[in-house]
Amino acid sequence: MTGEAFSAPAASGQSHVERAPVPALRGLVSSVWVQQVGGDAAPYVHRRIPNGAAELVCRVGSAPQVIGPLTEPLVEVLAPGTTVVGVRFLPGAFPVIAGRSAAEMAGLVLDADELWGRSAAALGDVVAAAASPGEALAAVQFHVRERAGTPPDRLVSEAVRGLMPWRTSDVMSLSASLHISETQLRRRCRTAVGLAPKVLHRILRFQGFLALVQQAIAQGRAPTAVGLALLARRVGYADQPHLTRECVRLTGVPPRALLAETHRTCANGHDHSASFAPVLRAEPEGRRPQG
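Residues numbered from 1 in each chain as written. Predicted model: local features only at pLDDT ≥ 70, side-chain atom pairs only at ≥ 80, totals over all residues. Heavy atoms only, no water.

A. How the structure looks around the nonpolar core. Counting residues in each nonpolar core, the largest one holds 41 residues, and the members touching the most others are Val193, Leu200, Phe206 and Phe209. For this core, the secondary-structure elements that each account for two or more residues are α5 (154-163), α6 (171-177), α7 (182-192), α8 (197-218), α9 (228-235), α10 (240-251), α11 (255-266) and α12 (273-280). Excluding its chain neighbours within four sequence positions, the residues that come into contact with valine 193 are Gly52, Pro69, Pro91, Gly92, Ala102, Val156, Val160 and Leu200. Grouped together as the second largest cluster of nonpolar side chains are 34 residues, Val32, Val96, Ile97 and Ala102 included. (Core = buried A, V, L, I, M, F, W, Y, C linked by side-chain atoms within 4.5 Å. Buried < 20%, exposed > 50% of the residue type's maximum accessible area, 1.4 Å probe, protein only. Helix = DSSP H or I, 4+ residues; strand = E, 2+ residues; numbered from the N terminus. Contact = heavy atoms within 4.5 Å.)

B. A look at the sheet that holds strand β9 (residues 270-271). Spatial ordering of the open sheet is given by β8-β5-β4-β7-β2-β1-β9, a layout of seven strands whose pairing is mixed. Each of the sheet's edge strands pairs with one partner strand only, and the pair in question is β8 (109-111) and β9. Here helix α4 (residues 133-146) sits on the sheet and contacts β2 (29-37), β4 (55-59) and β7 (83-89); the angle it forms with β7, its principal contact strand, is near 30°. (Pairing = 2+ DSSP bridges. Axes fitted to C-alpha atoms, helices over the stretch in contact; angles between N-to-C directions.)

C. Here's a closer look at the packing of α5 against α7. Relative to each other, α5 and α7 sit at 95°, their axes nearing to 10 Å. One element, α5, and the other, α7, form an angle in the roughly perpendicular class. Residues Leu155, Val156 and Ala159 of α5 pack against Leu185, Arg188, Cys189 and Ala192 of α7. For the contact of α5 with α7, the class distribution of residues is six nonpolar, no polar and one charged. (Parallel < 35°, antiparallel > 145°, perpendicular 65-115°, else oblique. Nonpolar A, V, L, I, M, F, W, Y, C, P; charged D, E, K, R; others polar.)

D. Geometry of the environment of alanine 218. For alanine 218, the location among the structural elements is in helix α8. For alanine 218, a relative accessible area of 57% puts it in the exposed group. Remark: the alpha-carbon pair of alanine 218 and alanine 8, spanning 210 residues in sequence, is separated by 19 Å.

E. View of the pattern of salt bridges. The final tally for this structure, using the stated rule, is 13 salt bridges. Notably, a salt bridge pairs aspartate 271 with arginine 19, separated by 3.0 Å at the nearest N-O pair. In this pair, aspartate 271 sits in strand β9 while arginine 19 sits in strand β1 (residues 14-19), placing the two residues 252 residues apart along the sequence. The partner of glutamate 283 in a salt bridge is arginine 234, with the nearest N and O atoms 2.6 Å apart. Placement of glutamate 283 in the segment after α12 and of arginine 234 in helix α9 is noted, with a sequence separation of 49 residues between them. (Salt bridge = Lys/Arg side-chain N within 4 Å of Asp/Glu carboxyl O.)

This is the structure in structure tokens:
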């Protein structure tokens with residue numbers, strides 16, 4: 001089994017590199033990643049922020065886990081020498097892989113063997129024995145590909161696209177455009193995504209804000225260089241206090257604290273372009289800063 005080469009961080013550092021999935025998973029997976037903490041590094045505090053999706057996470061040497069769609073932050077500490085590989089499903093794709101409603105997984109972290117039994121334990125063994133992080137990630141993607149069933153609910157997939165940043169400001173109008181009642185849309189969205197449309201819309205809007213932040217870091221700019229108020233308006237918040245309330249709700253900390261933490265951890269050794277670039281392609285030209 002082969003996979004992309006992922007450089008190890010310095011012994012005292014850490015890294016997080018995201019990539020697009022293999023072509024066979026493009027309709028089910030938004031991104032895959034390898035996260036590494038150097039053997040001489042301090043324990044790394046990793047803040048998982050709700051993104052509307054379920055994830056399959058394999059910490060090398062431990063049982064694979066499935067993280068359901070979150071509505072609040074999940075903070076974990078990675079010990080020195082830790083390597084983690086993972087897959088982030090597209091919102092609405094999880095039932096295709098798991099064979100159960102995403103609503104059953106919302107906000108939960110489960111050992112993957114509760115979903116896939118012995119095959120999940122076998123996956124953990126393969127990941128642990130992999131010769132490299134890239135090979136481990138290839139094994140995880142193969143596991144997902146082997147379990148892909150019928151395609152995701154097309155109507156929900158269209159709804160998710162409509163709820164992405166910069167596409168709609170009114171969830172009510174979305175059901176009309178899809179020719180379905182709000183009640184039906186809510187039911188199908190909760191089954192496929194695990195979240196109600198309004199909750200998903202709020203989470204995805206905040207992902208748009210994070211995409212702008214990650215783009216700034218990737219370009220060597222301070223995320224707050226243009227000011228929080230401008231960032232808030234650019235992504236569709238009414239004002240800066242609106243952004244602040246959502247940031248505290250979804251991350252546990254106010255925007256300036258989050259941006260300082262993100263800049264400190266991501267400016268060296270992180271590549272999140274596979275996540276933020278597709279989101280930012282939807283931003284209208286008129287909202288982008290000139291010059």
